[in-house]
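Examining the three-dimensional arrangement
So the chains spell out like this:
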Amino acid sequence: MKTIIQLTKIQFQFALGNSALVGRQEKKKKKKTTNKASALSIVSYALFMFLSFIYSSMLAESYEKMGIIDFLPIMWMIFSSILILMTSIYQVKGLIVQFKDYDIVMSLPIKTSHIVASRIVVLYLMDLVQAMVFILPANIVYAITIGAGMKFYINSIVLLLFVPMLPAILSTIVGIILAVITSRFRKNNVLQIIFTGMWTLVVMVACFSVSSSNTSPEMIADFSKSLIHTTNRVYPLIKIYEKALLQSELVSIAIFILVSVAAFGLFSIVVGRKFKQINTYVDSLKVKSNFRMKELHASSLRRALIKKEWSRYIASSNYVLNTAMFGALATILSIGLLIFGQDKVVQIKSIEGMEDVITLILPYAMTFMFSLTSTTVSSISIEGKNLWVIKSLPVKAMDVFISKVSVNLFITLPFIFINSVVYNLLIDMTLFERIMTMVIPSISVICYSFFGLYLNVKMPKFDWKSEIAIIKQGAPVVIFMLVGMVVTGGTLLLVATVFEKYQAIYAVIYCIIFSGLTIMFYQYFKKNAEKLLLEMN
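Keep in mind that this is a model prediction, so the values were computed, not measured. (Residues numbered from 1 in each chain as written. Predicted model: local features only at pLDDT ≥ 70, side-chain atom pairs only at ≥ 80, totals over all residues. Heavy atoms only, no water.)

Moving on to the environment of Ser317. Inspection of the secondary structure puts Ser317 in helix 13 (residues 317-340). Accessibility expressed as a relative area gives 2% for Ser317, which makes it buried. Sequence separation of Ser317 and Glu467 is 150 residues, and the distance between their C-alpha atoms is 9.9 Å. (Helix = DSSP H or I, 4+ residues; strand = E, 2+ residues; numbered from the N terminus. Buried < 20%, exposed > 50% of the residue type's maximum accessible area, 1.4 Å probe, protein only.)

Encoded structure:
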């Protein structure tokens, strides 16, 4: 047990960039940077929980009026499980299979079962933090609303510790299977992106499809009932969790804990026994014997840098899935709505005043979808030990930064264009509103691209062992998401209240502000590019 704890601690040290393998002076410098980044991450997660608390309070008010307040904690448990089911699959590669220090770790005089257990514990803890952000505030709101006693608080904390186990196991199994299947193909990264994207889409469609039977005016209540009923059939532990949390049944609490722990333990044993076999199979190379030299093409310096950035981006399935997935899924769902869901659109538009609300918030809602993630927020850190290559290239430092911004724009702007066209076909809008549907998200994404790059330049991390540490868990990523949510939420609030009758004026002001911020970021990088690049280490 002591070995597992030590290995888990080391994994987190690497995740935080506080490796024990660096020199004393380097360690002091890294510790200072790490402490700042950790403090910012803690503050960001606290704000995420606060936002979750506010949203849960709003939801609780609606649920209480409809007499279904008991649905609140169950809905958030389901949502958290679905989120873990969708996101844990990205963490398998680099943590369970195909991690960089596999040879070093396996050469240590440590049992394989202990190595596997420590990595699974790390995966569990990351999912637990994710679940806490949503479940803990919802349970507090529910307890305050119904006036629950101390027994409820104790039960909710105990059960929360076991909620992530089964969803994480299922998602990890899928991730391992995908890694094994795709490792046999030459373009395995592309295949892994496609298969993982399909898995995420299937999960999302399965969740949203349960609302297809909503015919009652009380759409929120019907959706909640439908979702809980459907998930109960495929995931019986939800019913047990409901009895354990809301009725404090000791038998249900014991069953929920025992099933979760037993499944987690069994999974750890099975993976532990097959760990070497799986990693050997996945890491073995398939050599192509019919290599042919193709014609070489010359490019301009900036174009060559963009090609290099694009190649590095596509080479990492985790990088693609964590940055392009929101845009891709939003586009697929909007196209699906255009083809299969026009009756739903007509039904929503028939509600008095709803069409005006949609046209009012649509550009900012699109901005929210496409500004949650950005390639630039980890594009500096992703260089890792190859940073010296960029520094030694005979190119301007500004061209290096522009190439990183360009990749994010090449990914995001086409999605914005397609979604804008689709919504223009679905919704009746004025010419100005149609233009703003495309202009506002585009200007916002350009600004956020530079902002993400700025965060990564200020808080780089080059000694990562797993790409997930910088793509999904890095301080710049957390801060970027938080700023995007706060700014977009504030914008929607202003549009819906203060500027409800002056949306055209607000849209122009918004565009001017974000254009000004973009110019400021551009000028900053143009002035300090050489210095910023040289100081990175």
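For the structure shown, the criterion picks out seven salt bridges. We note a salt bridge from Lys404 to Glu309, for which the minimum N-O separation is 2.9 Å. Of this pair, Lys404 sits in helix 17 (residues 397-426) while Glu309 sits in helix 12 (residues 301-314), placing them 95 residues apart in sequence. The pair formed by Lys404 and Glu309 is uniform in burial state, with each residue classed as buried. Here the residues in one salt-bridge network are Lys308, Glu309, Glu383 and Lys404, joined through shared partners. (Salt bridge = Lys/Arg side-chain N within 4 Å of Asp/Glu carboxyl O.)

This part is about the nonpolar core. Core analysis: the biggest nonpolar cluster contains 67 residues, and Phe401, Val457, Phe525 and Met536 have the highest contact counts within it. By residue number, the principal contributor to this core is helix 17, which donates 14 residues. Sequence-distant contacts of Phe525, defined by excluding residues within four places in its chain, comprise Met398, Phe401, Phe450, Leu453, Tyr454, Val457 and Leu532. Counting residues in each nonpolar core, the second largest holds 65 residues, with Ile68, Val105, Phe134 and Leu159 among its members. (Core = buried A, V, L, I, M, F, W, Y, C linked by side-chain atoms within 4.5 Å. Contact = heavy atoms within 4.5 Å.)

What is shown is where atoms sit, not what they do.
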